[in-house]
Amino acid sequence: MRRERFKLADRAVFTRLGSLRNLDKFSCGNEHIDAFFKDEAVKYEEELLAKSYAFCDVENDNAIICMFSVSCDGIHTALLPGPVKNKIQRAIPNAKRMRRYPAILIGRIGVSSQYRRMGVGSQVLTYIKEWFLHPMSKCACRYLIVDAVNDEDVMTYYEANGFRLLYLDEQAERTAFSISGDEPLRTRMMCCDLKLWLLQQSV
């Protein structure tokens, strides 16, 4: 059952991982995501591989509402099946078409169990989109990409927020990344075209 919507803009403060003082109390209900933010995120930052951020509740002793990590990435057209490559290229003017397009990878997102089913996850994705579309953003970013856990609820969440599968089926994704075996993929790559998303917001 969905609970009353929690508005990040009203009660949350945005902060870097290194500023958190109550990280040990954070739990999103997924032990792997919890372990990443508590044990691995700092190491990723030290190696310049990812940066992690959090929203904290100023009316609840700065409890961590949610956390996410991001890093630079790209969409390489040589790894895409013909129809998908053509679809992406058609969205780019001929003179600006490239072999790869700038993207930001969302590595992990975790919403505290205390704030689940309150619309927080979608608000975080909107924040990330607007962050990298901001005129003062330090790098160009056409796409957001994520290796979404291959689970119906997770995929539905990303689809509801403007993400689409980059590879139409699992075999195409296996071929692109030289993944052997025939077991279902643990994750599926999804992307959101930020220019398209921005146009949809103005309609």
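Whatever comes next refers back to the structure up there.
Keep in mind the model is a prediction, meaning the values are calculated, not measured. Residue positions are given per chain, counting from 1 as you read along its sequence in written order. Whole-chain, interface and lining totals are the exception, using all residues; otherwise, since this is a predicted model, local features are given only for residues with pLDDT of at least 70 and side-chain atom pairs are given and counted only at 80 or more. As a convention, hydrogens and water are excluded, and side-chain values are obtained from all of the structure's heavy atoms.

Colleague: Please explain the sheet that holds strand E7 (residues 187-193) as it appears in this structure.
Modeller: The strands making up a sheet are joined through hydrogen bonds of the backbone, oriented either antiparallel or parallel. In short, DSSP must find at least two bridges between two strands for them to pair. Secondary structure counts use DSSP, requiring at least four H or I residues in a row for a helix and at least two E residues in a row for a strand, with both numbered from the N terminus. The sheet built from seven strands is open, its strands ordered E1-E2-E3-E4-E5-E7-E6 with mixed pairing. Bordering the open sheet on either side are strand E1 (12-16) and strand E6 (164-165), each of which pairs with just one other strand. When strand E2 (residues 51-57) meets strand E3 (residues 63-76), the two strands line up antiparallel, connected through seven bridges. Bridging from a neighbouring strand, Phe55 pairs with Cys66 of E3. Running over the sheet, helix H4 (residues 120-133) touches E1, E2, E3, strand E4 (100-111), strand E5 (143-149) and E7 and is turned about 45° from E3. Residues are treated as being in contact if the distance between any of their heavy atoms lies within 4.5 Å. Convention adopted: a line fitted to C-alpha atoms gives each axis, helices being fitted over their contacting stretch, and angles between N-to-C directions are expressed from 0 to 180 degrees.

Colleague: Teacher, can you tell me more about the side chain of Glu45 here?
Modeller: The residue Glu45 is located in helix H2 (residues 31-46) in this model. Pairs of N or O atoms are called polar contacts if they sit within 3.5 Å, as long as, within protein, a hydrogen donor faces a hydrogen acceptor (for residues adjacent in sequence, only side-chain-to-side-chain pairs). Polar side-chain contacts of Glu45 include one of 2.9 Å to the backbone nitrogen of Ser52. Sequence-distant contacts of Glu45, defined by excluding residues within four places in its chain, comprise Arg16, Leu17, Ala50, Lys51 and Ser52.

Colleague: Just checking my understanding: could you explain a nonpolar patch on the surface for this structure?
Modeller: Patch definition: residues above 30% relative accessible area lacking any salt bridge, with like charges linked at up to 9 Å and the nonpolar side chains Val, Leu, Ile, Met, Phe, Trp and Tyr linked at up to 5 Å. In short, Shrake-Rupley with a 1.4 Å probe defines the accessible areas, and a residue's cover is counted only from the protein chains shown. Whenever Lys or Arg places a side-chain nitrogen within 4 Å of a carboxyl oxygen from Asp or Glu, that contact is recorded as a salt bridge. Taken together, the side chains of Leu79, Phe177 and Ile179 define a hydrophobic patch exposed on the protein surface, amounting to about 230 Å² of accessible area. Summarising the element assignment, Phe177 is placed in the loop between helix H6 (170-176) and E7.

Colleague: Just checking my understanding: could you explain a positive patch on the surface for this structure?
Modeller: His is not counted here, nor are the chain ends, while Lys and Arg score as positive and Asp and Glu score as negative. We put the charge of a Lys on NZ, of an Arg on CZ, of an Asp on CG and of a Glu on CD. A cluster of basic residues, Lys87, Arg90, Arg97 and Arg164, forms a positive patch on the protein surface. Relative to the helices and strands, Arg97 resides in the loop between helix H3 (82-90) and E4. Accessible area is worked out with a 1.4 Å probe on protein chains only. A residue is then buried under 20% of its type maximum, exposed over 50%, and partly exposed in between. The exposure class assigned to Arg97 is partly exposed, which follows from its relative accessible area of 37%.

Colleague: What is the right way to look at the layout of surface pockets in this model?
Modeller: Once rolled over the atoms, a probe with the size of a water molecule shows which space is left empty. Using a 1 Å grid laid over the protein atoms alone, points where a 1.4 Å probe fits but cannot get out form a cavity; open sets with protein on both sides within 12 Å along at least 5 of 7 lines form a pocket; any residue with an atom within 4 Å of a point counts as lining. Grid points are joined across faces, edges and corners, and a volume is the space filled by probe spheres set on the points. For the largest pocket, the calculated volume is near 1300 Å³. In terms of lining residues, the largest pocket is bounded by 40 residues, among which Ile33, Ile109, Val154, Tyr157 and Tyr158 are the most central. Those elements that provide at least two residues to the lining of the largest pocket are H2, E3, E4, H4, E5 and helix H5 (152-160). In terms of residue count, the dominant contributor to the lining of the largest pocket is E4 (seven residues). Gly counts as polar in this scheme, as do all residues outside two lists: the nonpolar Ala, Val, Leu, Ile, Met, Phe, Trp, Tyr, Cys and Pro, and the charged Asp, Glu, Lys and Arg. Residue classes in the lining of the largest pocket are distributed as 21 nonpolar, twelve polar and seven charged.

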